[in-house]
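Spelled out, the chains give:
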Amino acid sequence: MKKTYCCVAAFLIGLAGTAAAAPQCMVASGGQLSFGTVVALASSPDVISDTGGSFWVNCNAEVTSAPQLYSDSGRAMAAAGRSLPFTLSLASPGGSQLPTAAPGTSLGISRNGTNQTVVLYGKIRSVDFRALPAGVYSTSVTLTIEY
């Protein structure tokens, strides 16, 4: 039996920082982490994606602490009442999970007023999608950057 899935996790960026006017981080918001088309066969491997999963963060030199990222959003895409879980990581596909609360994972970016690219990796496991009906699974994820 062959099942085809198309999966997208869109993300939004939120900022949490100090009230001071001088330290500032700007973020390119809105992006997609697309898992593409998945064919569910017994032999299907896990699906890993970082396609379209990058965004930029620009912090000025007055930001003294390393910006950190987390997401308290649910980690499941949905279609027709069914749920397809996925993971998020900054390290690598299937790497250490992005925290769901502060403190987040350090972005490790320069704070020099230039756009720094951040890649967000996602993974869906074959064991999670083999039993699901075909469809377009999607969700929105909110990311929070603290500095």
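Anyway, here's the lowdown on the structure attached to this text. (Residues numbered from 1 in each chain as written. Predicted model: local features only at pLDDT ≥ 70, side-chain atom pairs only at ≥ 80, totals over all residues. Heavy atoms only, no water.)

On to the sheet that holds strand S5 (residues 54-59). Reading across the sheet, the three strands line up as S2-S5-S11 and stay open at both edges, with antiparallel pairing between neighbours. Edge strands, defined here as strands with exactly one partner in the open sheet, are strand S2 (25-27) and strand S11 (116-119). Across this sheet, the average inter-strand angle for adjacent strands is 30°, counted without regard to direction. Relative to S5, S2 runs antiparallel, the two sharing three bridges. Note that in S5 the partner of Val27 across the bridge is Val57. (Pairing = 2+ DSSP bridges. Helix = DSSP H or I, 4+ residues; strand = E, 2+ residues; numbered from the N terminus. Axes fitted to C-alpha atoms, helices over the stretch in contact; angles between N-to-C directions.)

Relative to the helices and strands, Ala78 resides in strand S7 (residues 76-79). Taking C-alpha positions, Ala78 is 4.9 Å from Tyr137, a pair spaced 59 residues apart along the chain. If we skip the residues at most four places from it in the chain, Ala78 touches Val136, Tyr137 and Ser138. (Contact = heavy atoms within 4.5 Å.)

Attention now goes to the nonpolar core. One finds Phe55, Val57, Leu69, Leu107 and Ile145 to be the most contacted residues of the largest nonpolar core, which totals 28 residues. Those elements that provide at least two residues to this core are S2, strand S3 (31-40), S5, S7 and strand S13 (135-146). The biggest single contributor to this core is S13, with four residues. (Core = buried A, V, L, I, M, F, W, Y, C linked by side-chain atoms within 4.5 Å. Buried < 20%, exposed > 50% of the residue type's maximum accessible area, 1.4 Å probe, protein only.)

Attention shifts here to the pairing of S5. Put simply, side chains in a regular strand alternate between the two faces of the sheet. Sheet topology note: the S5/S11 ladder contains four bridges and is antiparallel. Each residue of the ladder has a partner; that of Ser54, found in S11, is Val119.

Keep in mind these numbers describe shape, not what the thing actually does.
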